[in-house]
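This is what each chain is made of:
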Amino acid sequence: DALAQAFAAMGFKNVRTLLASGNVLFEAPAGSREKLAGKISGKLAGTFGHEMHTILRTMPELRRLADAQPFGGIKVTPRTRLFVTFLPDRPRSTLKIPYTSPDGSFCILCRSGRELCSVLTLGPQWAKNLRQMDILEKEFGKRVTTRSWNTVVRILRAGS
């Protein structure tokens, strides 16, 4: 509720939060994405007492990503996790994509503009597997945010 209230206090319309992971749907006047992200980050830091990086995507951008079907060729099993990592800017990494971790449990399939689509296959030591995703922060910086593909789909449904 506090997150939605902070967005409403900034004058945004139709503010809704989705899940408990910082996903906020809202309407804002057209303008600079950088200025808008800065305004939001500043307000959230003042409200919650610590810096919060803000990465913005429009519904059309998310729809284009979904329409591209980045996970179309992946066989999903109970051990498969599909992720989208949102980058604040176009990446400067020299990591060759597609990238597969040495143990084969983590693969960055593709990059679409400022998004990376990856697959994690959980093994017997699943907590160790999740550390494979540290490559994302190492290669693309700490100002990234990752969401499960299911969350992206839910955001799209909520925004329709």
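Scroll up to find the structure.
What counts and what doesn't
Residues numbered from 1 in each chain as written. Predicted model: local features only at pLDDT ≥ 70, side-chain atom pairs only at ≥ 80, totals over all residues. Heavy atoms only, no water. Helix = DSSP H or I, 4+ residues; strand = E, 2+ residues; numbered from the N terminus. Rg over C-alpha atoms; globule rule 2.2 N^0.38 Å. Buried < 20%, exposed > 50% of the residue type's maximum accessible area, 1.4 Å probe, protein only. Contact = heavy atoms within 4.5 Å. Areas by Shrake-Rupley, 256 points an atom, 1.4 Å probe, with all protein chains shown as cover. Lys, Arg positive; Asp, Glu negative; His and termini not counted. Charge placed at Lys NZ, Arg CZ, Asp CG, Glu CD. Arc of directions from axis to C-beta. Pairing = 2+ DSSP bridges.

## Some points on the overall build of the protein chain
When you go through the protein chain residue by residue, the secondary structure sums to 6 helices and 7 strands. Along the protein chain, helices (α) and strands (β) appear in the sequence α-β-β-α-α-β-β-β-β-α-α-β-α when read from the amino end. By the compact-globule yardstick of 15 Å for 160 residues, the protein chain fits well, its C-alpha radius of gyration being 17 Å. If one aligns the C-alpha atoms of the protein chain with their principal axes, the spans along those axes are about 45 × 30 × 30 Å. The buried share of the protein chain, taken over its 160 residues, is 36%. Across the protein chain, the fraction of contacts at a sequence separation of at least 24, relative to all contacts at a separation of at least 6, is 61%. When the accessible area of the protein chain is evaluated, it comes to approximately 9,800 Å², of which 51% is carbon and sulfur surface. Averaging the positions of the 25 positive and the 12 negative side-chain charges in the protein chain gives two centres separated by 3 Å.

## Here we look at helix α1 (residues 2-9)
By the burial criterion, the buried members of α1 are Leu3, Ala6 and Phe7. When α1 is viewed along its axis, its buried side chains cluster within an angular range of 95 degrees and face the same direction. Turned more than 90 degrees away from the buried face of α1 sit Gln5 and Ala9, all of them exposed. Of the surrounding elements, those touching the buried residues of α1 are β1 (13-18), β2 (23-27) and α2 (33-48). Of the residues trailing α1, glycine 11 is marked for its positive phi of about 95 degrees.

## So, the pairing of β2
Bridge count for β1 against β2 is 4 bridges, and the pairing is antiparallel. Across the sheet, the residue bridging to threonine 17 is valine 24, located in β2. Hairpin connection, β1 to β2: the antiparallel pair is bridged by 4 residues, and leucine 19 has positive phi, about 60 degrees.

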